Amino acid sequence: MSVNKFAPRKFEDFVIVDDVDARVGWIRVKPSGVLWAPKGARKWFGVDLATFAEFMEKKGKLQRK
């Protein structure tokens with residue numbers, strides 16, 4: 001007899017809104033990279049995790065927990 005299990009998510013989507021809650025675009029986080037789609041776009045722009053990590057270390061602001 002097989003055991004049922006939960007399938008892991010393949011990605012997580014987040015809607016980005018401005019100060020008046022108007023949609024600006026979407027961020028999709030995947031195990032292999034990060035994708036961005038502006039409002040109204042039908043295509044996603046993406047980078048792999050190594051490129052994203054390099055960008056964040058060079059351009060990102062150090063955060064406190």
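In this report, the structure presented in the accompanying data block is examined.

What counts and how
Residues numbered from 1 in each chain as written. Predicted model: local features only at pLDDT ≥ 70, side-chain atom pairs only at ≥ 80, totals over all residues. Heavy atoms only, no water. Phe/Tyr/Trp six-rings, centres within 6.5 Å; stacked < 30°, edge-to-face > 60°. Lys NZ or Arg CZ within 6 Å of the ring centre and 35° of its normal. Pairing = 2+ DSSP bridges. Helix = DSSP H or I, 4+ residues; strand = E, 2+ residues; numbered from the N terminus. Axes fitted to C-alpha atoms, helices over the stretch in contact; angles between N-to-C directions. Contact = heavy atoms within 4.5 Å. Polar contact = N/O pair within 3.5 Å; in protein donor to acceptor, adjacent residues only side chain to side chain. Salt bridge = Lys/Arg side-chain N within 4 Å of Asp/Glu carboxyl O. Buried < 20%, exposed > 50% of the residue type's maximum accessible area, 1.4 Å probe, protein only.

1. Remarks on the packing of aromatic side chains
Per the stated rule, a full pass over the model turns up zero aromatic pairs. One Lys or Arg, Arg28, reaches over the ring of Phe11 and ends 3.8 Å from the middle of that ring. Sitting over the face of the ring of Trp44, Arg28 holds its NZ or CZ atom 4.5 Å from the ring centroid.

2. What about the sheet that holds strand S3 (residues 33-38)?
Strand pairing in a sheet is mediated by backbone hydrogen bonds. Such pairs are either parallel or antiparallel. Reading across the sheet, the four strands line up as S1-S2-S3-S4 and stay open at both edges, with antiparallel pairing between neighbours. Of all the strands in the sheet, the pair left with one neighbour each is strand S1 (12-17) and strand S4 (45-48). Strand-to-strand twist across the sheet, computed as the mean angle between neighbouring axes with direction ignored, equals 20°. Sitting on the sheet, helix H1 (residues 49-59) touches strand S2 (23-30), S3 and S4, and the angle it makes with S4 is about 90°.

3. Quick look at the pairing of S1
Note that S1 and S2 share six bridges and pair antiparallel. Note that in S2 the partner of Glu12 across the bridge is Val29. Here S1 folds back onto S2, and the loop between the two strands holds five residues, one of which, Asp21, carries a positive phi near 65°.

4. Notes on the side chain of Arg28
Here Arg28 is to be found in strand S2. Here the side chain of Arg28 touches Asp13 through a polar contact of 2.6 Å, side chain to side chain. With near-sequence residues (within four places) excluded, Arg28 lies in contact with Phe11, Glu12, Asp13, Gly33, Val34, Leu35 and Trp44.

5. What about unusual backbone geometry?
Positive phi values are uncommon outside glycine, yet Asp21 reaches one of about 65°. Take Asp21: it is sitting in the loop between S1 and S2.

6. Overview of the pattern of salt bridges
This structure, assessed with the given rule, holds three salt bridges. The residue Glu12 makes a salt bridge to Arg9 at a minimum N-O spacing of 2.8 Å. What makes Glu12 partly exposed here is its relative accessible area of 31%. We classify Arg9 as exposed; its relative accessible area is 64%. Note that Arg28 is salt-bridged to Asp13, the shortest N-O span being 2.6 Å. Separated by 15 residues along the polypeptide, Arg28 in strand S2 and Asp13 in strand S1 bring together distant segments of the chain.

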